[in-house]
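What follows is each chain in one-letter form.
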Amino acid sequence: MTLLKSLLRNRNAIFLLALAAGLAFPAVTPVTRHLVLPALALAMALSTMEIGNDLFRKPRALIFPAFLGIIMSYIILGNIIIGLAAFMIRDETIWTGFILLAAVPPAVAVIPFSGFLKGNGPLSLVGTVGAYLGGLAIMPLIAFGLLRSAAFDPLQLLMVTLELIVLPLCVSRVLIREGWRERIAPYRGTATNWSFFVVLYTLVGLNRNIILGQTSILLPVAAISILTMFVLGFLIDWIGSRFHLPRETRTSLVLLGTLKNQGMAGGIALTMFSQEAALPAAVSTMVMIVYIIWLDFRKRWNGT
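Residues numbered from 1 in each chain as written. Predicted model: local features only at pLDDT ≥ 70, side-chain atom pairs only at ≥ 80, totals over all residues. Heavy atoms only, no water.

Peer 1: Which parts of the structure should I look at to understand the nonpolar core?
Peer 2: One recurring pattern in soluble globular proteins is that nonpolar side chains are buried together. Within the largest apolar cluster, 85 residues are counted, with the highest numbers of intra-cluster contacts made by Phe 15, Phe 98, Phe 113, Leu 259 and Ile 292. Considering each element in turn, this core owes the most residues, twelve residues, to helix α15 (residues 279-301). With residues up to four places along the chain from it excluded, the contact list for Phe 113 reads Phe 15, Phe 196, Leu 255, Leu 259, Met 288 and Ile 292. (Core = buried A, V, L, I, M, F, W, Y, C linked by side-chain atoms within 4.5 Å. Buried < 20%, exposed > 50% of the residue type's maximum accessible area, 1.4 Å probe, protein only. Helix = DSSP H or I, 4+ residues; strand = E, 2+ residues; numbered from the N terminus. Contact = heavy atoms within 4.5 Å.)

Printed below as a string of structure tokens:
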């Protein structure tokens, strides 16, 4: 019983369970797909409670990290995704999926992941918000320039920003003000992990048939996901260390520069294009699970 409780609280075990359940038992996804946004919002609210109100008292100090988020997510990661896809992908539908992945902002999970990986919380938060706001202009430009198809709805992106970043941040400020931070602290990690279980299980489960039925094209798709997470993440961390950046800052830059909002990319693909166009987002989600587990393992191995 003690072992079971320990496993149910272990982040890596929960993520692997989400992956296995999504592939083996996807029948519940018609229900859980409606819980994805609330689960992400809950994880955001709990994670941002670690960031004090002092951060927002100097607006000018937020400009640089906001632009840094845009640079990492779009200038670096977005262009690398597009470049690798142009080199490795010949199927037009899969190409569309990768363009969508490059066009979306960073994963909302960057902020809570930054928390348990001991990153720079303020940098992750402001960088993510900056990339979402920048995405209002950048996403349509990428769509018009590379897809020449249906345009993105800026209002939809604005609503996602409000629901997944602004609202949870406001809730976390209220909880801190009312003195709930200490009361919630013992349960915050477990609640956040299981919130991500809902999200990961749903993304994998909804795309199960594509993942298992498109084995002939999975290799280049998986290769691009691995290169843009494991290899690119290593390079960002290595270059940051050459410039003597603190480990916390390098961790946040790695997350901003390797993680995209696969849920948003997959949703746009399914709504505006086809199931096949959602394959890059689905595969990227699966690789992300392994990647986050690897980052956590490396952090523990390094004793940080």
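Next, the rest of the story.
Peer 1: Sorry if this is basic, but what is going on with the packing of helix α5 (residues 63-88) against helix α6 (residues 92-103) here?
Peer 2: The angle between the axes and the distance between the axes are what describe a pair of packed helices. For the pair α5 and α6, the least separation of the axes is 9 Å and the interaxial angle reads 175°. Judged by the inter-axis angle, α5 sits roughly antiparallel to α6. Residues Tyr 74, Gly 78, Ile 81, Ile 82, Ala 85 and Ala 86 of α5 form the contact with α6, whose own contacting residues are Trp 95, Phe 98, Ile 99, Ala 102 and Ala 103. Here the contact of α5 with α6 is composed, by residue class, of ten nonpolar, one polar and no charged. (Axes fitted to C-alpha atoms, helices over the stretch in contact; angles between N-to-C directions. Parallel < 35°, antiparallel > 145°, perpendicular 65-115°, else oblique. Nonpolar A, V, L, I, M, F, W, Y, C, P; charged D, E, K, R; others polar.)

Peer 1: Is there a simple way to explain the pattern of salt bridges in this structure?
Peer 2: A side chain of one charge can pair with a side chain of the opposite charge if their charged atoms are brought near each other. What the rule picks out here adds up to two salt bridges. Ionic pairing is found between Glu 178 and Arg 177, a salt bridge with its closest N-O pair at 3.6 Å. Taking the relative accessible area as the measure of exposure, Arg 177 reaches 63% and is therefore exposed. Of the charged contacts in the structure, one is a salt bridge between Arg 250 and Asp 237, with a shortest N-O distance of 2.9 Å. Taken as a pair, Arg 250 in helix α13 (residues 247-256) and Asp 237 in helix α12 (residues 215-242) lie far apart in primary sequence, 13 residues in all. (Salt bridge = Lys/Arg side-chain N within 4 Å of Asp/Glu carboxyl O.)

Peer 1: What's the story with helix α10 (residues 181-206) in this structure? I'm lost.
Peer 2: A turn of α-helix holds 3.6 residues, and therefore any two residues three or four places apart point the same way. Here α10 is 26 residues long and its end C-alpha atoms lie 35 Å apart, about the 38 Å a rise of 1.5 Å per residue gives. Most pronounced at Tyr 187, the bend in α10 amounts to some 55°. (Expected span 1.5 Å × (residues − 1). Bend = angle between axes of the 7 residues up to and from the residue.)

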